[in-house]
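# Tertiary structure, described
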Amino acid sequence: MNWAFLQGILSGVNKYSTALSRIWLSVVFIFRVLVYVVAAEEVWDDEQKDFVCNTKQPGCPNVCYDEFFPVSHVRLWALQLILVTCPSLLVVMHVAYREERERKHRLKHGPNAPSLYDNPTKKRGGLWWTYLLSLIFKAAVDSCFLYIFHRLYQDYDMPRVVACSVAPCPHTVDCYISRPTEKKVFTYFMVTTAAICILLNLSEVFYLVGKRCMEILGPRQRRSRLRVRLPDTCPPYVLSQGGHPEDKNSVLLKAGSAPMDAGGYP
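Scope of this entry: the structure provided in the associated data block. Predicted model only: the values in this text are computed from it and were never measured. (Residues numbered from 1 in each chain as written. Predicted model: local features only at pLDDT ≥ 70, side-chain atom pairs only at ≥ 80, totals over all residues. Heavy atoms only, no water.)

The interhelical angle for the contact between helix H2 (residues 19-43) and helix H4 (residues 73-109), taken along N-to-C directions, is 155 degrees, at an axis separation of 11 Å. What the angle tells us is that H2 and H4 run roughly antiparallel. Both H2 and H4 take part in a crossing whose hand is left-handed. Residues Trp24, Val28, Arg32, Val33, Tyr36, Ala40 and Glu41 of H2 touch H4, and the partners they reach there are Val74, Trp77, Ala78, Gln80, Leu81, Val84, Thr85 and Ser88. Partitioned by chemical class, the residues of the contact of H2 with H4 number 10 nonpolar, three polar and two charged. (Axes fitted to C-alpha atoms, helices over the stretch in contact; angles between N-to-C directions. Helix = DSSP H or I, 4+ residues; strand = E, 2+ residues; numbered from the N terminus. Parallel < 35°, antiparallel > 145°, perpendicular 65-115°, else oblique. Left-handed = near helix turned anticlockwise from the far one by under 90°. Contact = heavy atoms within 4.5 Å. Nonpolar A, V, L, I, M, F, W, Y, C, P; charged D, E, K, R; others polar.)

The following block contains the structure:
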């Protein structure tokens, strides 16, 4: 697979992403995709060829290999990386949809027509929900694959010897995995980087939701504080002597204060 092509597409997401999302993208391509392409594929390329069992029974090594490796690590990682990066493309597609809609609106109503969006790339309205759901989906995909790896390979372990008693093996035989320690190290590394990506996605979800709540609740709190201070800062005034404002003998008095003569103090 051409991972450089996928990286080129996803690099455009940085224009619409927060700092946490840029860190997530760097972790994915430097510590996951690059390690997968450069090292992981080479480590697992001999997994079936060098899977040796202490029997000459035809078919026994094959069924024992399938028993222990029901799905290859590298294929699961490739599927995981594809699924975890695709939601970011939804954000790019949503922005492109907004820009195209804005272009058609101006063609129809003229260049001086009011804009449909203040900023098509700003995360507001539907784009905010698309961005938020993409983060949740990415965290869910990584979590599901971590669970799948845990179920298929208990505790992400890679033992040196496995016991196999599946037919057509004549009895319980021992099978040996090639380079088990090296494979265990790479497995732990990929699991750790996936966990870091999950934490980054969840942190960005909390950041976006918290920021949105502050934007909504902040003006309301300011308005409520303003209403509480209003009677002290701007007290109502009444006219003394019941006169008309145009009457020169009338004086504005603060409500509840003592009467005041036009020429002196109370």
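Let us now look at the pattern of salt bridges. Scanning all chains against the criterion turns up four salt bridges. Between Asp157 and Lys184 there is a salt bridge; the shortest N-O distance is 3.1 Å. Here Asp157 is found in the loop between helix H5 (126-152) and strand E2 (161-164), whereas its partner Lys184 is found in helix H6 (residues 180-233), with 27 residues between them in sequence. Judged by relative accessible area, Asp157 falls into the partly exposed class, the value being 30%. (Salt bridge = Lys/Arg side-chain N within 4 Å of Asp/Glu carboxyl O. Buried < 20%, exposed > 50% of the residue type's maximum accessible area, 1.4 Å probe, protein only.)

This part is about helix H3 (residues 60-68). Along H3, the residues classified as buried are Cys60, Cys64, Tyr65 and Phe68. The buried side chains of H3 occupy one side of the element, clustering within an arc of 130 degrees when seen end-on. As for H3, its buried residues are in contact with strand E1 (52-53), E2 and strand E3 (173-176). (Arc of directions from axis to C-beta.)

This part takes up the sheet that holds E2. In spatial order, the strands read E1-E3-E2; together these three strands make up an open sheet with antiparallel pairing. Strands at the two margins of the open sheet, each flanked by one partner only, are E1 and E2. Pairing of E2 with E3, which is carried by four bridges, proceeds in the antiparallel orientation. Bridge pairing in E3 links Val161 to Tyr176. Contacting E1, E2 and E3, H3 crosses the sheet at an angle of about 70 degrees to E3. (Pairing = 2+ DSSP bridges.)

Burial along E3 is one-sided: Val173 and Cys175 are buried, while Asp174 and Tyr176, pointing the other way, are not. Bridge count for E1 against E3 is two bridges, and the pairing is antiparallel. In the strand pairing of E3, Val52 is matched with Tyr176.

Right, let's talk about the side chain of Arg32 for a bit. Position of Arg32 relative to the elements: it lies in helix H2. Residue class for Arg32 comes out buried when judged on its relative accessible area of 2%. Reaching out from Arg32, the side chain makes a polar contact with the side chain of Asp142 at a distance of 3.1 Å. (Polar contact = N/O pair within 3.5 Å; in protein donor to acceptor, adjacent residues only side chain to side chain.)

This part is about the packing of aromatic side chains. Taken as a whole, this structure holds 10 aromatic pairs when the rule is applied. Between Trp44 and Trp77, the aromatic rings sit 5.2 Å apart at their centres with planes inclined by 90 degrees, giving edge-to-face as the arrangement. Taken together, the positions of Trp44 in the loop between H2 and E1 and Trp77 in helix H4 put the pair 33 residues apart, joining distant regions of the chain. Since its relative accessible area comes to 2%, Trp44 is described here as buried. Seen in terms of ring centroids, Phe149 and Tyr153 are 6.5 Å apart; in terms of plane orientation they differ by 35 degrees. Their pairing is tilted. For Tyr153, a relative accessible area of 3% translates into the label buried. (Phe/Tyr/Trp six-rings, centres within 6.5 Å; stacked < 30°, edge-to-face > 60°.)

To continue, consider empty space enclosed by the protein. Taken as a whole and assessed by the stated rule, the structure comprises one cavity of 30 Å³ or more. Reported here for the largest cavity is a volume of approximately 40 Å³. Forming the walls of the largest cavity are Arg32, Trp77, Gln80, Leu146, Phe149, Met190, Val191 and Ala194. When residues of the lining of the largest cavity are assigned to their parent elements, the largest contribution, three residues, is made by H6. Of the residues assigned to the lining of the largest cavity, the class counts are six nonpolar, one polar and one charged. (1 Å grid on protein atoms, 1.4 Å probe; cavity = no way out; pocket = protein on both sides within 12 Å on 5 of 7 lines; lining within 4 Å. Points joined across faces, edges and corners; volume = space filled by probe spheres on them.)

Further remarks concern a nonpolar patch on the surface. Together, Ile30, Phe31, Leu34, Val37, Val38 and Phe189 line one region of the surface with nonpolar side chains, adding up to about 510 Å² of accessible area. Ranked by residue count, the leading element in the nonpolar patch is H2, at five residues. Within the secondary structure, Val38 is located in helix H2. Taking the relative accessible area as the measure of exposure, Val38 reaches 54% and is therefore exposed. (Patch = residues over 30% accessible without salt bridge, like charges linked within 9 Å, V, L, I, M, F, W, Y side chains within 5 Å. Areas by Shrake-Rupley, 256 points an atom, 1.4 Å probe, with all protein chains shown as cover.)

Bear in mind that shape data such as this cannot, by itself, settle questions of function.
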